[in-house]
Amino acid sequence: MRALLVENIHPDAVPVLQSAGVEVETLKKALSEGELVERLAGVHLLGIRSRTHVTEAVLDAAPDLLGIGAFCIGTNQIDLAAASERGVAVFNAPFSNTRSVVELAISEMIALTRRLSEKNTQMHAGVWDKSANGSHEIRGRRLGIIGYGNIGSQLSVIAENLGMRVAFYDTTDKLALGNARAFGSMDELLEWADIVTLHVDGRPENRMMFGAEQFAKMREGAIFLNLSRGFIVDHGALKAELESGRLAGAAVDVFPKEPASSDEPFVSELRGLPNVILTPHVGGSTEEAQQDIGAFVGTKVARYLTEGVTSLSVNLPNLDLPAPAGGWRILYIHRNVPGALADINSLVAQHGINVEGQFLGTHAHTGYVITDVATEPPEDLLDGLNKLEATIRLRIVAFD
Ligand code: NAD
């Protein structure tokens, strides 16, 4: 099998794929739609990051493609519905950079609470101000986390280890880790916290969820952080709170409009405000995160190619059946219609083949069934399976 990895994917992905018997070609740059269309015949696995767009036209030109590894967090750059319709499994790295975001948030909470950015600016301007006014420890401070998912919950644990009192608000029920306290409403959390930090996801309902009304509920002198999505916060309202002195400081890593490249200027009403730390959407950008993404996605796609396992796939039902000691595995992706499993099993039984293990999963329009058999499936069985109306893609894997 052949893999094409573009966009300078971390080299740790390469040995993982090679040890699964995959021949790997790597490119430093992203490929355009036209370039992908020309290059994908004979490629079984495509590895991309965020700048390569996998459209329906690209998928149509890639009849051999079995899987796509998005060596990043987001998968918006891939037409996931078109990939599912063609039985192409897509994988990403949903939590490889979680720790990186958490560490940046912790460092910013300490920096803002000690007013480090102001002290640093003053020192560079030749001003020596040793005053302790407005500088605090974070130990004992109340941290309010909005969004208790991968990042929010890990931040909870580390903040508590630094002596902070932690509470959170999430729209779904979450297990409170350590001594963290769950609030039933965001308003209660805002009234309680000394530091409020946003870690919600980018669902459309969260657009502008945090504005003048929410800032007004925060405590006088509180600190605000957003390392989640730019479009969820009203930056005009944040600026007013910082200028009036009601908020003591803020750290913002994500913006409603971010420059597409370093050639474009960064425009924001938050520029130039004291005790405000601005970073260019680098919360998850560390070498460790990139390395983890390489190994994590590499392993996911390698297991899909060699065993058909789809655990954590973003577009196919997630199936994880242990590799059998020997025999054959029938991997069957199909349209999610009634009777698909009965049709497969009846064909397998007609050939006198006993099923050793089987696992079915369906979601939305797609179903996926893994069937382990001890006898090599003959050609006419494969023909019969391929001819079933529901069939999207059929693949056989042999185990020694
Ligand atoms: P996640 O999906 O694991 O967690 C999000 C949590 O937010 C979920 O528990 C969800 O129920 C909750 N939620 C959604 N809307 C809510 C609302 N209105 N109020 C309260 N809770 C709400 O996501 P994650 O991996 O923890 O990532 C969190 C955010 O961080 C995402 O927006 C992600 O895009 C962003 N992120 C940013 C960077 C960066 O570089 N700055 C890096 C990685 C992730």
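Residues numbered from 1 in each chain as written. Predicted model: local features only at pLDDT ≥ 70, side-chain atom pairs only at ≥ 80, totals over all residues. Heavy atoms only, no water.

(A) Here's a closer look at the overall build of the protein chain. Scanning the protein chain from terminus to terminus reveals 13 helices and 16 strands. C-alpha atoms of the protein chain, sized along the principal axes, occupy 85 × 45 × 35 Å. Evaluated residue by residue, the protein chain yields a buried proportion of 48% over its 400 residues. Of the contacts formed within the protein chain by residues at least 6 apart in sequence, a portion of 63% connects residues at least 24 apart. Per element, the accessible surface of the protein chain, about 18,900 Å² overall, is 50% carbon and sulfur. The distance from the centre of the 34 positive side-chain charges to the centre of the 50 negative ones in the protein chain is 8 Å. (Helix = DSSP H or I, 4+ residues; strand = E, 2+ residues; numbered from the N terminus. Buried < 20%, exposed > 50% of the residue type's maximum accessible area, 1.4 Å probe, protein only. Contact = heavy atoms within 4.5 Å. Areas by Shrake-Rupley, 256 points an atom, 1.4 Å probe, with all protein chains shown as cover. Lys, Arg positive; Asp, Glu negative; His and termini not counted. Charge placed at Lys NZ, Arg CZ, Asp CG, Glu CD.)

(B) Here's a closer look at helix α11 (residues 287-307). Helix length check: α11, at 21 residues, gives a terminal C-alpha distance of 30 Å against a target of 30 Å (1.5 Å per residue), a fit within 8%. Within α11, burial applies to Ala289, Ile293, Gly294, Phe296, Val297, Gly298, Lys300, Val301, Ala302, Tyr304, Leu305 and Glu307. In the segment just after α11, glycine 308 is the residue with positive phi, at about 80°. (Expected span 1.5 Å × (residues − 1).)

(C) Representation of the sheet that holds strand β16 (residues 391-399). If you walk across this open sheet you meet the four strands as β14-β15-β13-β16, and the pairing is antiparallel. For this open sheet the edge positions go to β14 (355-363) and β16, each flanked by a neighbour on one side alone. Between one strand and the next, the sheet's axes are offset by a mean angle of 10°, whatever the strand orientation. The sheet contact formed by strand β13 (residues 327-335) and β16 spans eight bridges and is antiparallel. Paired with leucine 331 across the bridge in β16 is arginine 395. (Pairing = 2+ DSSP bridges. Axes fitted to C-alpha atoms, helices over the stretch in contact; angles between N-to-C directions.)

(D) Representation of the site of the ligand within the structure. Near the ligand lie 27 residues; those nearest to it are Ile151, Asp170, Val200, Arg229 and Asp253. Valine 200 has a polar backbone atom sitting 2.6 Å from an oxygen atom of the ligand. For the ligand, whose free accessible area comes to 870 Å², the fraction covered by protein is 85%. (Near = heavy atom within 4 Å. Polar contact = N/O pair within 3.5 Å; in protein donor to acceptor, adjacent residues only side chain to side chain.)

(E) Looking closely at the pattern of salt bridges. Enumeration over the complete set of coordinates arrives at 20 salt bridges. Note that glutamate 25 and arginine 39 form a salt bridge whose closest N and O atoms lie 2.6 Å from each other. With a gap of 14 residues between them, glutamate 25 in strand β2 (residues 23-26) and arginine 39 in helix α2 (residues 33-39) connect regions that are remote in the sequence. The exposure class assigned to glutamate 25 is partly exposed, which follows from its relative accessible area of 29%. (Salt bridge = Lys/Arg side-chain N within 4 Å of Asp/Glu carboxyl O.)

(F) Broad picture of the pairing of strand β10 (residues 222-226). For β10, a buried count of five out of five residues is recorded, marking the element as mostly surrounded by other parts of the structure. Alternating residues of β10 divide into Ala222, Phe224 and Asn226 and Ile223 and Leu225, and every residue in both groups is buried. Bridge analysis of strand β9 (residues 195-198) against β10 gives four bridges, and the strand direction is parallel. Along β10, the bridge assignment pairs leucine 198 with asparagine 226. Looking at chain direction, β10 and strand β11 (residues 247-252) are connected through five bridges and run parallel. Of the residues in β11, the one forming a bridge with isoleucine 223 is glycine 249. With respect to chirality, the unit in which β10 leads through helix α10 (residues 235-244) into the neighbouring parallel β11 is right-handed. (Right-handed = clockwise from strand over helix to strand, strands pointing away.)

(G) Fine view of the domain arrangement of the protein chain. Domain annotation for the protein chain reports domain 1 (1-96 + 286-316), domain 2 (98-278) and domain 3 (317-400). The distance between the C-alpha centroids of domain 1 and domain 3 comes to 24 Å. With 22 residues of domain 1 in contact, the opposing surface of domain 3 contributes 18 residues. The tally of links from domain 1 across to domain 3 stands at one salt bridge. The partner of arginine 303 in a salt bridge is aspartate 320, and the shortest N-O contact between them spans 3.1 Å. At the boundary of domain 1 with domain 3, the tally comes to 15 residue pairs in polar contact (both at pLDDT 80 or more). Breaking the side of domain 1 that touches domain 3 down by element, the ones donating at least two residues are α4 (80-85) and α11. The greatest single-element share of the side of domain 1 that touches domain 3, amounting to five residues, is contributed by α11. Residues of the side of domain 1 that touches domain 3, tallied by class, amount to 10 nonpolar, eight polar and four charged. (Domains from an automatic or database assignment. Nonpolar A, V, L, I, M, F, W, Y, C, P; charged D, E, K, R; others polar.)

(H) Seen up close, the packing of helix α12 (residues 340-350) against helix α13 (residues 379-387). It is at 10 Å that the axes of α12 and α13 come closest, and there the two elements cross at 165°. Comparing their axes, α13 and α12 come out roughly antiparallel. Where α12 crosses over α13, the handedness of that crossing is right-handed. Of the residues in α13, those touching α12 at Ile344, Leu347 and Val348 are Leu381, Gly384 and Leu385. Here the residues of the contact of α12 with α13 are counted per class, giving five nonpolar, one polar and no charged. (Parallel < 35°, antiparallel > 145°, perpendicular 65-115°, else oblique. Left-handed = near helix turned anticlockwise from the far one by under 90°.)

(I) Focus on the environment of glycine 42. With respect to the secondary-structure elements, glycine 42 resides in the loop between α2 and β3 (45-48). Its relative accessible area of 23% is what places glycine 42 among the partly exposed residues. Residues glycine 42 and threonine 75 lie 33 residues apart in sequence; the distance between their C-alpha atoms is 23 Å. Contacts of glycine 42, omitting those with residues within four sequence positions, involve Arg2 and Asp64.

(J) Molecular detail of the pairing of strand β15 (residues 366-373). Burial analysis of β15 places eight of its eight residues in the buried class, the great majority of the element. Both β13 and β15 contribute to a ladder of eight bridges, which runs antiparallel. Within β15, the position partnered with isoleucine 330 by the bridge is threonine 371. Relative to β15, β14 runs antiparallel, the two sharing eight bridges. Looking across to β15, one finds that histidine 363 is bridged to threonine 366. Between the antiparallel neighbours β14 and β15 lie two residues, among them alanine 364 with a positive phi of about 45°.

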